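# Secondary and tertiary structure notes
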Amino acid sequence: VVYVSLGSILRLAPDRYAALATRLGQSGSRLIWSLPQADGEIVRRVLKDPQRHYITDYVPQPRLLSDPAIRAFVTHGGASSVQEALIAGVPMLCIPFYSDGGYISSLVERLGVGLRIWKQQITRPDLTEALGRLLSETSFAARSQVVAEQISGADARAQAKRYLNDLAALAPGS
């Protein structure tokens, strides 16, 4: 199962949602989508299979990410979403749409816990190929579990934030 959420603020044009749904649907994975109801209707029309794809306007994201059935998380690369995925040990496919998402998703790649594609690529086979790679190459899941174990503890969210900050400090020009 792949969980898809692009945050609570982002709104795409209907044709972009349709393209995203088409490309993710081509992956063959069962999908759980969390997005506003109107946008969910667009995705629902494209995917047409309520038995394989669940579309809702809200999920308790940290709890869902901790479910062992979730094999990957398609995200906008926002700080909270990335922290929750790191804590849960779920590999990420980041599609940054905002300024911080590009940088944060570069850290996800650098950690080896996911991949980044650019928003311009969601209409191309690149998206389906990246998700396929994330699901088939076991190194992403293994590395995600290692990172989750490293940051686990009483204050996992603060640990995840420190982990990302420490990694950022290693970047050239920091």
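Here the structure is shown first, and the text comes after it.
Here the structure is a predicted model, which is why all the values come from computation and not from measurement.

## A word on the sheet that holds strand β4 (residues 72-75)
- A sheet is described by the order of its strands in space; here six strands give the open sequence β3-β2-β1-β4-β5-β6, paired in parallel fashion. With partners counted over all chains shown, the strands left at the sheet margins are β3 (53-56) and β6 (114-116), one partner each. For this sheet the average axis-to-axis angle between neighbouring strands, irrespective of direction, equals 15°.
- Alignment of β4 against strand β5 (residues 92-94), held across three bridges, turns out to be parallel. Its bridge partner lying in β5, Thr75 is registered against Cys94.
- Sheet contacts for helix α6 (residues 125-136): β1 (2-5), β4, β5 and β6; angle to β5, the most-contacted strand, approximately 160°.

## Some points on the packing of helix α1 (residues 14-25) against α6
- Direction vectors running N to C along α1 and α6 enclose 40°, while the axes themselves pass 8 Å from each other. It follows from the interaxial angle that α1 and α6 lie oblique. Here α1 and α6 pass one another in a crossing that is right-handed. Counting all contacts with α1, which are made through Leu20, Arg23 and Leu24, the residues of α6 involved are Pro125, Leu127, Thr128 and Leu131.
- For the contact of α1 with α6, a count of residues per class yields five nonpolar, one polar and one charged.

Parameters at a glance
Residues numbered from 1 in each chain as written. Predicted model: local features only at pLDDT ≥ 70, side-chain atom pairs only at ≥ 80, totals over all residues. Heavy atoms only, no water. Pairing = 2+ DSSP bridges. Helix = DSSP H or I, 4+ residues; strand = E, 2+ residues; numbered from the N terminus. Axes fitted to C-alpha atoms, helices over the stretch in contact; angles between N-to-C directions. Contact = heavy atoms within 4.5 Å. Parallel < 35°, antiparallel > 145°, perpendicular 65-115°, else oblique. Left-handed = near helix turned anticlockwise from the far one by under 90°. Nonpolar A, V, L, I, M, F, W, Y, C, P; charged D, E, K, R; others polar.

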